[in-house]
Amino acid sequence: MSVYHDFTHTENDTIAAVSTPKGTGAVSVIRISGDGAFNTAEALFCPAQKTREIKDRQMTLGIIQYAGEKIDEVLLTRFRSPGSFTGEDMVEISCHGGMYITARIFELITAYGARAAEPGEFTKRAFFNGKLDLIQAQAVQELVAAKSKKAGEMALRSLKGELSEKITEIKDRITDELARMAVSIDYPEYDEAEQDISRTQSVIKELSYNIKKLIDTYKRGCLYNDGVRIAIVGRPNVGKSTFLNTFTGKNRAIVTDIPGTTRDTIEEYLEIEGIPVVLTDTAGLRDTDDQIEKIGQEKTIETLERADIILLILDSNEGYFNREDEILRKYIDKHIILVLNKTDKTDEGRLTDLEKEIPHGHIIRASLIKKEGVGQIEAVIQKVIEDEIKGQQEDIVITQQTQKELLSQADNALMNAYKEIEDNMPADIAEIEIRNAAAALGRLLGDEIDEEITNKIFSKFCLGK
Amino acid sequence: MSRYDAGKFDVAVVGAGHAGCEAALACARLGLETLLFTINLDAIANMACNPNIGGTAKGHLAIEVDALGGQMGKTADQTLIQSRMLNLTKGPAVHSLRAQIDRRRYQEQMKLTLEKQPHLYLKQAEITDLIIEEETIKGVITHTGAVYEVNAAILCTGTYLKGKIIIGDITYEGGPDGMFAASALGDSLKKHGIELMRLKTGTPPRINRNSVDTAVMEPQEGDKDIRFFSFENEGRKIEKEQIPCYLTWTNMHTRKIIEENLHRSPLFSGIIEGVGPRYCPSIEDKIVRFGDKERHQIFIEPMGLDTYEMYVQGLSSSLPEDVQIKMLRSIKGLENAQMMRSAYAIEYDAVAPGQLKLTLESKKIKNLYSAGQINGSSGYEEAAAQGIMAGINAAMKITGKEEIVIDRSQGYIGVLIDDIVTKGTKEPYRMMTSRAEYRLTLRQDNADHRLTPIGYKSGLITKERYDRFMHKYDIIYREIDRLKKKTVAPSESLRKMLEEKGSTPVRTGIKLSELLKRPEIKIGDIERFDEEIKCLEGYIKSSIEINIKYEGYIAKQSEDIQRFKKRERKKIPEEIDYSMIKGLRLEAAAKLSVIRPVSIGQASRISGVSPADITVLIIYIDADRRKGK
């Protein structure tokens, strides 16, 4: 029943990894390997010259795009099996080294049929396809051997106590359900065996919800890998770009006096407390008929949704409006830093009135043009990040791609089972998916599911001659 | 003891229970001169416990044995007195045929089959010793001193090996159902280095129908249409009177009797050392472990047409006889029950796990096979399944042909043998559908499809039967193909049918196969739109229906099976030395050295061997192979 990752090399399923070190180098290389490598890459890649065919072992310039959105201009190289590092069909994509862009492309690749490679998996495949010589091969063997000694414990240790308890609890409830189904199937003549499929269905629904909640923690869990996203938002000309420029010390956003200059989102990357930080400047908040600006407004919403911290800037001369109020209320769960800008041009009475009017605890006064208040804002951001780090150590969060993947597998299986029951499919069809869900969680925990179900059948139910 | 030379044969089968009969018949039918020994000729194919064959997962096994060319299904079909298809509402994979059997007639028919079988020599004798030279079985010796020279032997000793009967504080040496135990053979096996373990099982009392008030119990009738295990009886229609079983319950009074006498149970006093099966708990065990249950089901099953003896399912016990009688009489309808045979527990020797190959041959002694309870299983069907495989493989081995291993994706037989051999068992192993991971593929209806080609290749399935089998699937595939192409136009009768079934109406034409894919539509519902289906046999229709309705699920499972097969095909060299593999954890190396799996797939199923160990192993084998080049 259990499908071991370690066998996947015999299956040539498609894997992908960012093979350049993490950070903000000039270029990142993403590698894809496996039977579906070409299909995955070509689903996302659009050559610059439409007529040009992609040739093996030749770089092709083009765009990675998704749903009409151009993500990045990249160079793509295709290696046909067996003439590649792994010996399988491979694609290498060189994209611009931004963390966000790399992550986005990688995310799309995994959405299009590849899965995240395990550490050393490319090498392992190369080995199995005879692409490494014997000495290299022995080195790999020793590496894996050394790793395997602790692999079991490590897999468990990486699941923090509480998280592992939580997953165990979910898994136990799934195997309870499976034992119940098994009893109903294997002992149909016993009154123990009465099984209520709608009960199973509602349990599945609840567990799927719980798993989803765990999956949602992944974003927080990978703070160290993916960083913190800060969205800068406010009406046109309140000083968003000024802040961005001051804060990053760079001069990337265009600063003018014409409202709506920053039409697209602009990103800057920095590091605070060892955590990568993505600052995104958004188009100004306002209603507009301008087509381009409308797109900008949609992007603003998207940026807000993805943000961990929202920096909401107000022009203290203009005041506090509905749009700002909406944001404060809608994103109440996120960290919101409210900045009253241009205080140098506003009298104290007005400022105090504004502070009373705004339903937000922490308001920072600033004059960004004079670089006043920037330090204070930075301090708050720093505090939030520190809290996040602390929270991550205490909270139940998942931190590894593999954990997320197995949880998603479990969730998908449960959702399939739910639908099958909904469609009146017989119990033994739904059972297959429920068992897949248990197996996925079992792999995460290193548990033998089948044995567990058998044990439950006999310990929980009174059966037999 | 004086000995004499009793001649030279190909195979000796020791024990004529459900495993031994299949093993001996397989060997003889494959043309080998085969001896079949039993301590008592009147105990051949005895159902020492419940008088039925089949049921969940066990029905699958019985049908698979038939698909390979075995006997159990045919004899059961001949002698059944009630037939039921269980789990009809729970999905196609778990439909399970169960038949109540006339126990005596089953024995007679099986004995007659054995007697009529050319190349088969049936002997009443106890085998007391084995002749083993150069780690190979060379002969068997009977208690009367006959020495038979053989090329292979198959041990099917059931619960006879060092059998010990326990009833309360009374214990004595004995086999099942009042037979003698076989003690000398156990010593012989030990002497030859076979490690044995002690297992326990039990059986409930038998009572006289005259003393049972069935009127106050719930009758359990058979299905209107009798269905059969054997392919050869598929679609056969017979009119036959069926005998009902009866359902009653224990009550608080029964419970009180048991509780008051618990101290007299050998289980609680420690007389019993053997490990009993959890799925076959004694009534006292149930009462203790499930204290909150006020009543337990008791099924009263007829033992045959020509007897008043009835089997009391649910009342397995090793309590003293006087307590058994009190307990019986506390049950509704059994107030006057006359106990004919008392319940007993039986302890016996079995081969400890880790000593068998997947072919059921001993790792230690060449050409020595074993099947049934001696391998740690429980149940007639489990025994028969191993019996036929051990028989086929012994025959293949001594005729220099390739042995046959049925894998987990091919049959419950494969699941059963792999579980016993690879995982090992510490309690008597019962087959359950939940043990089969590719259950949707391992259905009763396609057992022939999965296994008859293997039976044909081995020589147990005749050309005539094979041709009929091919013809059956020609029809099925042709019809599936046709239903996928044939469109039915929207009509008043179609609209009405869909409405009746609560199914979404159609505006344009729809393929018959698409209609059939809807969970609420059965093949019977579309018959009126297609003359040709109407003319087909019921079992053919049902096969077509399952194949179309669950096509997507079956296809998905078939992908899993392909992955599984890849791992099974990755072979581990026989001479591999696990202690030499760097990075393998000690526990894993030790387990692997004992089990000696033939493939990476098998290795991965050994408990205590982690995925990381498997990776290390794969790399080692690969690197080793390349070094050899």
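Being a predicted model, the structure only gives us computed values, none of them experimental.

Visitor: Outline the overall build of chain B, supporting the account with residue identities and numerical values.
Guide: Counting its secondary structure elements, chain B contains 22 helices and 24 strands. In summary, chain B has a C-alpha radius of gyration of 26 Å against a globular reference of 25 Å for 629 residues, a match within 12%. Each of the three principal axes of chain B carries a C-alpha extent, and together these read 85 × 80 × 50 Å. Relative to its 629 residues, chain B shows a buried fraction of 63%. Sequence separation of 24 or more characterises 74% of the internal contacts of chain B that already satisfy a separation of 6 or more. Per element, the accessible surface of chain B, about 24,400 Å² overall, is 50% carbon and sulfur. When the 93 positive and 86 negative side-chain charges of chain B are each reduced to one mean point, those points stand 4 Å apart.

Visitor: Could you give an account of the overall build of chain A, with specific residues and numbers?
Guide: Across its full length, chain A carries 15 helices and 13 strands. By the burial criterion, 53% of the 465 residues in chain A qualify as buried. Sequence separation of at least 24 residues holds for 68% of the intrachain contacts in chain A that already meet a minimum separation of 6. Carbon together with sulfur atoms contributes 49% to the accessible area of chain A, which is approximately 21,100 Å² in total.

Visitor: Please give an account of a negative patch on the surface that cites residues and values.
Guide: Residues and elements named next belong to chain B. Together, Asp5, Glu133, Glu134 and Glu149 line one region of the surface with negative charge. Tracing the backbone shows Glu149 in strand β10 (residues 146-149). Residue classification places Glu149 among the partly exposed residues on the basis of a relative accessible area of 42%.

Visitor: Now, about the pattern of salt bridges: what can you tell me, with residues and values included?
Guide: Across all of its chains, the model carries 75 salt bridges over all chains by this definition. In this structure, Lys171(A) engages Asp172(A) in a salt bridge whose closest nitrogen and oxygen atoms are separated by 3.8 Å. Judged by relative accessible area, Lys171(A) falls into the buried class, the value being 2%. Judged by its relative accessible area of 29%, Asp172(A) falls in the partly exposed class. Measuring nitrogen to oxygen at the nearest pair gives 2.8 Å for the salt bridge that ties Asp530(B) to Arg482(B). Of the two residues, Asp530(B) sits in the loop between α16 (523-526) and α17 (531-534) while Arg482(B) sits in helix α13 (residues 463-485), which places them 48 residues apart along the sequence. Of the two residues examined, Asp530(B) and Arg482(B), each falls in the buried class. Among the ionic contacts, a cluster of salt bridges with common partners joins Arg408(B), Asp418(B), Asp419(B), Lys423(B), Glu437(B), Glu568(B) and Arg605(B).

Visitor: Can you explain the packing of aromatic side chains? Please cite residues and give values.
Guide: Residues and elements named next belong to chain B. Tallied over the full model, the rule gives nine aromatic pairs over all chains. Ring plane angle 65° and centroid distance 5.4 Å describe the contact between Phe9 and Tyr121, whose orientation is recorded as edge-to-face. Taken as a pair, Phe9 in the loop between β1 (4-8) and β2 (11-14) and Tyr121 in strand β7 (residues 120-124) lie far apart in primary sequence, 112 residues in all. Every member of this aromatic cluster is reached through a ring pair, and the members are Tyr456, Tyr466, Phe469, Tyr473 and Tyr477.

Visitor: Any details on unusual backbone geometry? Residues and values, ideally.
Guide: A cis amide bond, omega 5°, links Ser81(A) with the succeeding residue Pro82(A). Residue Ala57(B) is not a glycine yet carries a positive backbone phi of 65°. Assignment of secondary structure puts Ala57(B) in the loop between β4 (52-54) and α2 (58-67). For Ala57(B), a relative accessible area of 0% gives the class buried. A positive phi is found at Asn87(B), a non-glycine position, where the angle reads about 65°. Summarising the element assignment, Asn87(B) is placed in the loop between β5 (80-86) and β6 (96-101).

Visitor: Hey, could you go over the sheet that holds strand β13 (residues 170-173) of chain B for me, with residue numbers and the actual values?
Guide: Residues and elements named next belong to chain B. The strand order across the open sheet formed by four strands is β13-β12-β21-β14, and the pairing between neighbours is antiparallel. Of all strands in the sheet, those bounded by a partner on one side alone are β13 and β14 (196-203). Sheet twist, expressed as the average angle between the axes of neighbouring strands with direction ignored, equals 25°. Looking at chain direction, β14 and strand β21 (residues 344-351) are connected through eight bridges and run antiparallel. Bridge assignment links Lys200 to a residue of β21, and that residue is Glu347.

Visitor: Describe the side chain of Gln201(A), naming the residues involved and giving the relevant values.
Guide: Residues and elements named next belong to chain A. Position of Gln201 relative to the elements: it lies in helix α6 (residues 197-221). Taking the relative accessible area as the measure of exposure, Gln201 reaches 12% and is therefore buried. In this view, Gln201 contacts Tyr418, Ile421 and Glu422; residues no more than four positions away in its chain are not counted.

Visitor: Which residues make up the packing of helix α10 (residues 380-398) of chain B against helix α11 (residues 412-423) of chain B, and what values do they have?
Guide: Two measures define how a pair of helices packs: the angle their axes make with one another and the distance between the axes. Residue and element names in this part refer to chain B. At their nearest, the axes of α10 and α11 sit 10 Å apart, and the two run at 90° to each other. Considering their axes alone, α10 and α11 lie roughly perpendicular with respect to each other. Listed contacts from α11 to Glu382, Ala385, Gln386 and Met389 of α10 are Ile413, Leu416, Ile417 and Ile420. Across the contact of α10 with α11, the residue classes break down as six nonpolar, one polar and one charged.

Visitor: Any chance you could break down the sheet that holds strand β16 (residues 218-220) of chain B for me, citing the residues and the numbers?
Guide: Residue and element names in this part refer to chain B. One open sheet accounts for six strands, arranged β16-β17-β18-β19-β15-β20; its pairing is antiparallel. Sheet topology places β16 and β20 (339-341) at the edges, where each strand pairs with a single neighbour. Neighbouring strand axes in the sheet, compared pairwise and without regard to direction, differ in orientation by 35° on average. Docked against the sheet, helix α9 (residues 321-329) engages β15 (206-208), β19 (309-313) and β20, running at close to 135° with respect to β20.

Visitor: Account for the nonpolar core, naming residues and giving values.
Guide: Among the nonpolar cores identified, the biggest contains 77 residues, and Ile53(B), Tyr106(B), Ile154(B), Met389(B) and Ile413(B) are the most heavily contacted of them. Sort the elements by how many residues they give to this core and α10(B) lands first, with 11 residues. Look past the residues within four positions of Ile53(B) in its chain and what remains in contact with it is Met47(B), Ala62(B), Met72(B), Ala76(B), Leu97(B), Arg98(B), Ala99(B), Ile101(B), Tyr106(B), Phe229(B), Tyr380(B) and Glu381(B). Grouped together as the second largest cluster of nonpolar side chains are 35 residues, Ala179(A), Ile204(A), Ile211(A) and Leu406(A) included.

Visitor: Describe in detail the packing of helix α1 (residues 18-29) of chain B against α10(B), supporting the description with residues and values.
Guide: Residues and elements named next belong to chain B. Packing of α1 against α10 brings their axes to within 7 Å, and their N-to-C directions diverge by 25°. Classified by the interaxial angle, the pair formed by α1 and α10 is roughly parallel. The element α1 and its partner α10 pack so that their crossing is right-handed. The residues of α10 that touch α1, namely those facing His18, Ala19, Glu22, Ala23, Ala26 and Cys27, are Tyr380, Ala383, Ala384, Gly387, Ile388, Gly391 and Ile392. Looking at side-chain class alone, the contact of α1 with α10 contains nine nonpolar, three polar and one charged residues.

Visitor: I'd like a description of the confidence of the model for chain B, backed by residues and values.
Guide: A low pLDDT score tells you not to read the predicted coordinates there in detail. Confidence in the prediction for chain B averages 94 pLDDT; 100% of positions are at 70 or higher. Reported confidences for the modelled complex are a pTM of 0.79 and an ipTM of 0.84.

Visitor: Now, about the environment of Ser370(B): what can you tell me, with residues and values included?
Guide: All names here are of chain B. Turning to its location among the elements, Ser370 is positioned in strand β22 (residues 368-370). In this structure the C-alpha to C-alpha distance between Ser370 and Leu97, which are 273 residues apart in sequence, comes to 27 Å. Within the structure, the side chain of Ser370 is placed 2.6 Å from the side chain of Asn375, a separation counted as a polar contact.

So, how was this worked out
- Residues numbered from 1 in each chain as written.
- Chains lettered and ligands numbered in written order.
- Predicted model: local features only at pLDDT ≥ 70, side-chain atom pairs only at ≥ 80, totals over all residues.
- Heavy atoms only, no water.
- Helix = DSSP H or I, 4+ residues; strand = E, 2+ residues; numbered from the N terminus.
- Rg over C-alpha atoms; globule rule 2.2 N^0.38 Å.
- Buried < 20%, exposed > 50% of the residue type's maximum accessible area, 1.4 Å probe, protein only.
- Contact = heavy atoms within 4.5 Å.
- Areas by Shrake-Rupley, 256 points an atom, 1.4 Å probe, with all protein chains shown as cover.
- Lys, Arg positive; Asp, Glu negative; His and termini not counted.
- Charge placed at Lys NZ, Arg CZ, Asp CG, Glu CD.
- Patch = residues over 30% accessible without salt bridge, like charges linked within 9 Å, V, L, I, M, F, W, Y side chains within 5 Å.
- Salt bridge = Lys/Arg side-chain N within 4 Å of Asp/Glu carboxyl O.
- Phe/Tyr/Trp six-rings, centres within 6.5 Å; stacked < 30°, edge-to-face > 60°.
- Pairing = 2+ DSSP bridges.
- Axes fitted to C-alpha atoms, helices over the stretch in contact; angles between N-to-C directions.
- Parallel < 35°, antiparallel > 145°, perpendicular 65-115°, else oblique.
- Nonpolar A, V, L, I, M, F, W, Y, C, P; charged D, E, K, R; others polar.
- Core = buried A, V, L, I, M, F, W, Y, C linked by side-chain atoms within 4.5 Å.
- Left-handed = near helix turned anticlockwise from the far one by under 90°.
- pLDDT = per-residue confidence, 0-100.
- Polar contact = N/O pair within 3.5 Å; in protein donor to acceptor, adjacent residues only side chain to side chain.

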